[in-house]
Amino acid sequence: MAGERLPSFDLVVATVDRVAELERLLASLETQTHGAFRVLLVDQNEDDRLDPVLRAERPFVLERLRSERGLSRARNVALRDVRGDLVAFPDDDCVFAPDLLERVARRFANDEALDGLTGRAIDELGHSSRSWAPDPARLTRENLWNRAISFTIFLRAPLVARVGRFDESLGLGAATPWASGEEIEYLVRALDAGARIEYDPTIVVTHPDKRVSSEALRSLGNRDGASVGYILRKHRYSRRLVGAMFIRPLGGALLALARRDRAQAGFHLSTLRGRLLGYRS
């Protein structure tokens, strides 16, 4: 509709050690059909490797901020500078489809009671992990675990102001065993504050699906599992849900062993150990 005003975005991008991947993300933002956005680029590098990227001319505002290493710490630096109507948290190695911001903006413009929207991750071939929920849903503390990841989260700025800072003991670069899950913990606090957040699996963001060794897969299970356990304990989840979150990786391990997939079995058992560690913390 002519003259229609769609909400603006502040895109918080924390980056470290990556250049080519960041350039891909920025190139995808140049093609957006909705151009009312800023990129708040939080540079955690200790050198000036991003200078050539930042000198390039772009059709959007890109503001460079500096932060020590730590994903949650970097995002908190950017949250002090939010001025847009909506806030999102793209990974520095993800890619946005040309119409993504427009589609998200229209959802918020057409539903004033909507506080947040989450979508689904796909790889470069358009495939998505089977762990993603297939149907739309309103997020709750119980169902959000397979309906959100950082780079598919879009929140109204007033909600972000209410929820406040990310927990810096969570996320990559944190000086704790729970180096992930910071976005899930943030959403739990948003829901506890009364936010209405919807999951829409047709909202997708491309993110590379990197193959890792069996050892790296076990390490990932330990890290993510510990983060989940920490969140369950911090936010006083019910015994019923805590029990279910411990049973699931055990079931996954037994199924993987039945399929003679030792790598996946190791991953699920590491996830279980991590959850127990995080919860006991």
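Everything here concerns the structure above.
Here the structure is a predicted model, which means the values were calculated and not measured. (Residues numbered from 1 in each chain as written. Predicted model: local features only at pLDDT ≥ 70, side-chain atom pairs only at ≥ 80, totals over all residues. Heavy atoms only, no water.)

Once that is clear, we can look at helix α8 (residues 239-258). Spanning 20 residues, α8 covers 29 Å between terminal C-alpha atoms, matching the ideal 28 Å at 1.5 Å per step. In this structure, the buried side of α8 is in contact with α7 (214-234) and α9 (262-280). (Helix = DSSP H or I, 4+ residues; strand = E, 2+ residues; numbered from the N terminus. Expected span 1.5 Å × (residues − 1). Contact = heavy atoms within 4.5 Å.)

Within the largest apolar cluster, 77 residues are counted, with the highest numbers of intra-cluster contacts made by F9, L29, V39, W145, F154, L155 and I197. Among the elements that line this core, the one with the most residues is helix α6 (residues 182-192), at six residues. Look past the residues within four positions of V39 in its chain and what remains in contact with it is L11, V13, L26, L29, F60, V61, L62 and E63. (Core = buried A, V, L, I, M, F, W, Y, C linked by side-chain atoms within 4.5 Å. Buried < 20%, exposed > 50% of the residue type's maximum accessible area, 1.4 Å probe, protein only.)

The next thing to look at is the sheet that holds strand β4 (residues 86-88). Read from one edge of the open sheet, eight strands run β3-β2-β1-β4-β7-β5-β8-β6, paired in mixed fashion. The strands lining the two open edges of the sheet, one partner per strand, are β3 (61-66) and β6 (137-138). Note that β6 and strand β8 (residues 197-206) share two bridges and pair antiparallel. Looking across to β8, one finds that A137 is bridged to Y199. (Pairing = 2+ DSSP bridges.)

This part covers the packing of α7 against α9. Where α7 meets α9, the closest approach of the two axes is 6 Å, and the angle between their N-to-C directions is 30°. In terms of orientation, α7 lies roughly parallel with respect to α9. As for the relative orientation of α7 and α9, their crossing is right-handed in sense. Broken down by class, the residue content of the contact of α7 with α9 amounts to nine nonpolar, eleven polar and five charged. (Axes fitted to C-alpha atoms, helices over the stretch in contact; angles between N-to-C directions. Parallel < 35°, antiparallel > 145°, perpendicular 65-115°, else oblique. Left-handed = near helix turned anticlockwise from the far one by under 90°. Nonpolar A, V, L, I, M, F, W, Y, C, P; charged D, E, K, R; others polar.)

Interpretation in functional terms is not warranted from these geometric data alone.
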